[in-house]
Amino acid sequence: MAMLENRRKKNLVALSMVAPFVIVFAVFFLYPTLKMFELSFTNAPLIGDGEWVGLDNYRRLLGDRIFKTSLWNNAYFVLLTVVPTTVIALGIALMINRLSGRLQALVMVLFFLPYVLPVSVVTQIWAWMLDFQFGVLQPVIAVFVGKPVAVFKNPDWVMPMIAAVTIWWTNGFNVLLFIAGLRNIPSELYEAAALDGATKRQQFRRVTWPLLWPVTALVLTLQLILQLKIFDQVYLLSGGGPFNSSFVLLMQVYREAFQLNHGGYSSAVATVLFVLIAVVSVLQFQLLRIGGRR
Amino acid sequence: MKALGRLLAVSAISAVAAPALAQTEVIWWDFLSGGDGVRMKALIEDFNAQHPDIQISGTTLEWGVPFYTKVRTSAAVGEGPDVMTYHLSRVPLGLEEGVLSPITDEDLQNAELTTDDFFASSIEAATSDGELYAVPFDIHALILYYNKALLEGSAWLDADGNLTGIDSLEDFEAALAWLKDNGVETPLTFQTGGAGGVWRVFYTLLSQQGGEFIVDGEVLPGDNAEKAANAIDTMARWQQNGWIPEQAEYEASVALYGSGEAAFQLNGVWEVPTFNDMEEKGTLGFGWGAVEIPPLMGQAASWADSHAFAIPNEGDDTVSGEKRAAVMTVIGWMEQNALRWADAGHIPAYKPVADSAEYAAMEPNATYASLADNTAFDPPSTITGVASPTYDTALNIISPAIHGYFSGAEAVEQIKAELQAMMQ
């Protein structure tokens, strides 16, 4: 009896401890998400209820040119950012790892600083540096292509440039994850490998890379989720242009909801993005885990 | 201690209650920043000083989509303002959203106004199904600024140094070519790399051909498509000939004129105070003027929009009773004092002010005020107007076409495909 009471008490304590999170999660995430699913089956405006229209919104999506363009642009952006930023972060982390003491701390701070900046500041800095008439980077571009380029108005340049800005901005966090991962690898392993005559390259391939794989998989997955959600940089740098060459899914959600007052249709786009991110990231993480085990 | 607490509470209540008994507070939202904002704040202060019984409590919010989204959400839950500024081009979407409370005849009487006091085009843009939804305050339009120093020695200045002899596209392009030949790097400037500037010039050129952007829910039907393509091709030709700046952002486009590098500028009336101020301070360095855009494509027309006053719905309710009367008093007073708003370049929509001797003495305002009879307001549609998808199209499709990415006809095809899909 006493034990039963004890357990009940324990359960109560446990419940009271998870309750704050569960409540906040349910009210501010779960409920709105379910509401979004519901909205996507209606013709609701931005505010207020609409009529149930079944799968109409989704059927309309299939024939929506902008939606297809956005989908493709999202994929292109993921291609431009996820693997490059991971590789760059790993490289930087390996280099920082060779430093020590104050110098290491200083270099780490330097790489982490951009991550601290809000997106509006980041885009403003780059918009000025790349300004067509007055940007300090235009002479650099002119060296390579022979003339200044209005990068955010040029269909070939716009996405790679936004990707470069994004990598510059968010890379510090990935560097930090990699450094943490590198520090977790016991130094005895390197000593033993060195004793066995392994070269630096072999040490990286046989010790660092496999032991770092869980972190690499994590970084890749986090990046995938983050970059599929691209919105701010596009909105602030190019507005989705020129001729939709940088128009992404969240831009469409924004336009349909806030500019056109189509809450239902906008929710349908958001739902597709939500499902897409969930499926792709779970799939990717599983694949990477299998890849790591081999 | 208790007594002291009670005393404090009582005095606190009376401090709040005493003025509230005698005063009606009018919550006011606007999106006016820069020179516009300064002038509007001065007007509000003066109103408050002259009206002990009504106090305006003003808030300035971010122009464009953020402003209209906030109005929309706050009106839905009854937390909106009592009165707000509103673009007439945005009225159709406002009606669909159910944000706007109709202005009744009684309201107008309280403001001592009638619809006949205003330019007909502005009242028309504020009216839907016979009901008035906003009280126009100004008409702001695209005008042609010119630099007298750069045009000196050409055939396009008369004896008094005023612009003359530009009555067609040939005249205008001849002037641009003459300027280019005489070493002017940028004969004409406007915001070629941004949504607003491109849309305003495009819509002006379209309207001057008698073209309509939306007819019965269809984007650019029939020969309107050719007229639109013609407008875009004209702008593209200016670009090819090096007459307009490449991918200029708004600030850069204004700076090109203000620094004396560009001879002409196509921009809104709201930049008039900028150059007036510079001239006063002696930093402008050249004589300048501004006129209604000549009928380049055949007939006179200038893109125009209008700042207006509107009363939002509050949930299922709306501002009513004494408060509503106070709001109308505010609107009426603002219209009577619109001359000080005209100082910001805008043409008063209220004709008694626009026709007054004081206004006639304002330059260059009085010169370009002739455009009030030839205004081309954005078509009444939920996809056009300030910060609308149509503006996005100007940046997304028309601007690249100007810069040679594709022809006017191809651009029109894309515009039609993109906007028509949103018309449902």
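Owing to the predicted nature of the structure, the values given are computational and were not obtained by experimental measurement. (Residues numbered from 1 in each chain as written. Chains lettered and ligands numbered in written order. Predicted model: local features only at pLDDT ≥ 70, side-chain atom pairs only at ≥ 80, totals over all residues.)

**Some thoughts on the overall build of chain A**
Secondary structure assignment for chain A yields twelve helices and zero strands. The order of α-helices and β-strands along chain A, N terminus first, is α-α-α-α-α-α-α-α-α-α-α-α. With respect to the principal axes defined by its C-alpha atoms, chain A has extents near 85 × 75 × 35 Å. Of all 294 residues assigned to chain A, the portion counted as buried reaches 32%. Put simply, of all contacts in chain A between residues at least 6 apart along the chain, 70% involve residues at least 24 apart. (Helix = DSSP H or I, 4+ residues; strand = E, 2+ residues; numbered from the N terminus. Buried ≥ 20, exposed ≤ 12 C-beta atoms within 10 Å, placed from the backbone. Contact = placed C-beta atoms within 7 Å.)

**Remarks on the overall build of chain B**
When helices and strands are tallied, chain B shows 19 helices and 18 strands. Radius of gyration (C-alpha) of chain B: 23 Å, near the 22 Å computed for a compact globule of 424 residues. Principal axes of the C-alpha set define a box for chain B whose edges measure 85 × 50 × 45 Å. Put simply, chain B has 424 residues, and 51% of those count as buried. In chain B, 78% of the contacts between residues at least 6 apart in sequence involve partners at least 24 apart. (Rg over C-alpha atoms; globule rule 2.2 N^0.38 Å.)

**Some remarks on the domain arrangement of chain B**
Residue and element names in this part refer to chain B. Taken domain by domain, chain B consists of domain 1 (19–137 + 306–371) and domain 2 (141–304 + 388–420). The C-alpha-based centres of domain 1 and domain 2 are spaced at 29 Å. Facing the 14 residues of domain 1 at the interface are 13 residues of domain 2. Broken down by secondary-structure element, the contributors of at least two residues to the side of domain 1 that touches domain 2 are α2 (34–50) and α17 (365–368). Broken down by element, the side of domain 1 that touches domain 2 gets its largest block of residues, three residues, from α17. (Domains from an automatic or database assignment.)

**So, the packing of helix α4 (residues 101–116) of chain A against helix α7 (residues 158–183) of chain A**
Residue and element names in this part refer to chain A. Relative orientation of the contacting elements α4 and α7 amounts to 125°, with a least axis distance of 6 Å. For the element pair α4 / α7, the angle class is oblique. For the crossing formed where α4 meets α7, the hand is left-handed. Between α4 and α7, the residues in contact are Phe111, Phe112, Leu113, Pro114 and Tyr115 and Trp168, Trp169, Thr170, Asn171, Gly172, Phe173, Val175 and Leu176, respectively. Its residues placed into classes, the contact of α4 with α7 shows ten nonpolar, three polar and no charged. (Axes fitted to C-alpha atoms, helices over the stretch in contact; angles between N-to-C directions. Parallel < 35°, antiparallel > 145°, perpendicular 65-115°, else oblique. Left-handed = near helix turned anticlockwise from the far one by under 90°. Nonpolar A, V, L, I, M, F, W, Y, C, P; charged D, E, K, R; others polar.)

**Focus on the confidence of the model for chain B**
Residue and element names in this part refer to chain B. Per-chain confidence: chain B averages 91 in pLDDT, with 95% of residues scoring 70 or above. Of all the helices and strands in chain B, helix α1 (residues 2–22) carries the lowest mean pLDDT, 50, while helix α10 (residues 224–240) carries the highest, 97. Confidence over residues 10–20 falls short of pLDDT 50; this stretch has zero contacts with residues more than four positions distant or in other chains. Overall fold confidence (pTM) sits at 0.83, and the ipTM for the predicted complex is 0.74. (pLDDT = per-residue confidence, 0-100.)

**Some words on the nonpolar core**
In summary, soluble globular proteins display a tendency toward joint burial of nonpolar side chains. Residues and elements named next belong to chain B. Within the largest apolar cluster, 135 residues are counted, with the highest numbers of intra-cluster contacts made by Ala134, Ile143, Phe202, Ile232 and Val330. For this core, the element with the highest residue contribution is helix α9 (residues 195–208), accounting for eight residues. Two domains each put at least three residues into this core: domain 1 (19–137 + 306–371) and domain 2 (141–304 + 388–420). Contacts of Ile143, omitting those with residues within four sequence positions, involve Val269, Ala290, Val291, Glu292, Ile293, Tyr368 and Leu371. (Core = buried A, V, L, I, M, F, W, Y, C linked by C-beta atoms within 7 Å.)

**What to know about the interface of chain A and chain B**
Each partner contributes to the interface: chain A provides 22 residues, whereas chain B provides 26 residues. Breaking the side of chain A that touches chain B down by element, the ones donating at least two residues are α3 (65–98) and α11 (249–259) of chain A. The element best represented in the side of chain A that touches chain B is α11 of chain A, accounting for three residues. In terms of residue class, the side of chain A that touches chain B is made up of ten nonpolar, eight polar and four charged.

**A look at unusual backbone geometry**
A negative phi holds for most residues other than glycine; trans holds for most peptide bonds. In this chain, Gly241 of chain A is followed by Pro242 of chain A through a cis amide linkage whose omega measures -10°. By the element assignment, Pro242 of chain A lies in the loop between α10 (232–237) and α11. Cis peptide bonds are those with omega within 30 degrees of zero, and the linkage from Glu363 of chain B to Pro364 of chain B qualifies with 5°. Within the element layout of this structure, Pro364 of chain B appears in the loop between α16 (357–360) and α17.

**Some remarks on the environment of Trp52 of chain A**
Residues and elements named next belong to chain A. Among the secondary structure elements, Trp52 is positioned in the loop between α1 (2–39) and α2 (56–62). Along the sequence, Trp52 and Val219 sit 167 residues apart, while their C-alpha atoms lie 41 Å from each other. Contacts of Trp52, omitting those with residues within four sequence positions, involve Phe41 and Thr42.

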